[in-house]
Amino acid sequence: MSTALPHKRGWCPTAWQPMAAGDGLILRIRPRLARLSPDQMRLVADTARIHGNGAIDLTNRAALQLRGLSYNSWEQALQSLIAADLVDEDPGREARAILIAPDWQHGDDTHRLAIELYRRLDELPALPGKTGLAIDTGRVARLTGNSGDFRLERGETGDIILRADGRAAGVAIRHGGEIDALIGLARWFTESGGGEAGRMARHRAALPDWARGDLRPLSCATPPEQGAHPLGTALALPFGRMDAAMLELLAGIGGMRALRLTPWRIALLEGVAPTVPAIPFGDPRLLAVDACVGAPACPRASVETRTLAARLAPHISGRLHVSGCAKGCARAGPADLVATGDNGRFRIAFHARADDPAYAEDLSPDDLAALIESMFRAA
Ligand code: SF4
């Protein structure tokens, strides 16, 4: 087993290459089809509790992150996860970030294409760490706003289209040729210098004729709300956070067939009726709030973030972002209000990103809460 732990910026942690944080190593799991059986849920809960600090995050690419591992416990955790078929025994295949529309049904196009892609992962070229593939070919678009450099989607005409991220439209692909086209686009990306750009949306080389089209994807539906869902129940996870005890509880709920992971801080409880009393429903207001882990879990943070985010959320209409530092990990785009940690204090800005110029600065959490409460009371 490799023993090198990388620390360079711009890469993404995987199960094979955990990332060091303030609370220990982060181990990322990307379950196939973004779905865990109840036995796999229990295994992940046990792994998080025994080998980590019990905290589990759901990422914006529908992966799970176990936190607080040590170097020795990571190796044991990795072996358990490989044995449970939650991590690929090949580090290269495990590094592929694949996002699939979480409401897929067995045998539909999204399921069919995902299965074929998993089977053919070795045909993909080496890609920059943050690139990913998206399959969103249901009759309702789900992932248009979510990360994916090479995309199979449903076009407005009903065809399945191949679309390069950053391009508004794609090209129709014949039935059976979709994964060939997806792999072909990834190969073209690397052969045309995409590695320098790092992401498809930043790679401005003209697409080859076969990948260029004028078919737009369907308009994207909004993420599900907490409560009843066609698959069972949608459960909000504020800040994407759960823990080992919660995952174990979910695994034991009556009717639970599987947990499906989404990129929206929502977990889908497949087979579970929303009326089951044991479901630990989260505060849905916090779904409009982005907050990174902050201090002490992140060594770059000088402020605690999530307690403040929960305190501010009831006073704010629109999107709130509380960031431990200017890097803005929890939200790349602007928020209606962003509070950014800076040397143990906060600065704030409106309709801005975490690193944008401040409207006010040098604020303590109490200063900030008082300011926000007075501003929004007056509004
Ligand atoms: S935004 Fe800064 S403080 Fe928050 S997780 Fe990222 S690097 Fe850490």
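This write-up is about the structure you can find in this document. (Residues numbered from 1 in each chain as written. Predicted model: local features only at pLDDT ≥ 70, side-chain atom pairs only at ≥ 80, totals over all residues. Heavy atoms only, no water.)

1. Quick notes on the pairing of strand 2 (residues 24-29)
Then, number 1: With five of its six residues buried, strand 2 lies for the most part within the structure.
Then, number 2: Bridge count for strand 1 (residues 19-21) against strand 2 is three bridges, and the pairing is antiparallel. By the bridge assignment for strand 2, Met19 is matched with Ile26.
Then, number 3: Hairpin connection of strand 1 to strand 2: two residues between the antiparallel strands.
Then, number 4: Here strand 2 pairs with strand 5 (residues 64-69) via four bridges, running antiparallel. Counterpart to Ile29 in the pairing with strand 5 is Leu64. (Buried < 20%, exposed > 50% of the residue type's maximum accessible area, 1.4 Å probe, protein only. Helix = DSSP H or I, 4+ residues; strand = E, 2+ residues; numbered from the N terminus. Pairing = 2+ DSSP bridges.)

2. Side note on the packing of helix 1 (residues 38-51) against helix 2 (residues 71-83)
Then, number 1: One can describe the packing of helix 1 onto helix 2 by two numbers: an axis separation of 10 Å at closest approach and a directional angle of 170°. By the angle between their axes, helix 1 is roughly antiparallel relative to helix 2. Residues Leu43, Val44, Thr47 and His51 of helix 1 form the contact with helix 2, whose participating residues are Ser73, Gln76, Ala77, Ser80 and Leu81.
Then, number 2: Classifying every residue of the contact of helix 1 with helix 2 gives four nonpolar, five polar and no charged. (Axes fitted to C-alpha atoms, helices over the stretch in contact; angles between N-to-C directions. Parallel < 35°, antiparallel > 145°, perpendicular 65-115°, else oblique. Contact = heavy atoms within 4.5 Å. Nonpolar A, V, L, I, M, F, W, Y, C, P; charged D, E, K, R; others polar.)

3. Here's the deal with the environment of Gly240
Then, number 1: Position of Gly240 among the secondary structure elements: in the loop between strand 12 (232-236) and strand 13 (241-243).
Then, number 2: Setting aside its immediate chain neighbours within four residues, Gly240 contacts Ile56, Asp57, Leu58 and Arg265.

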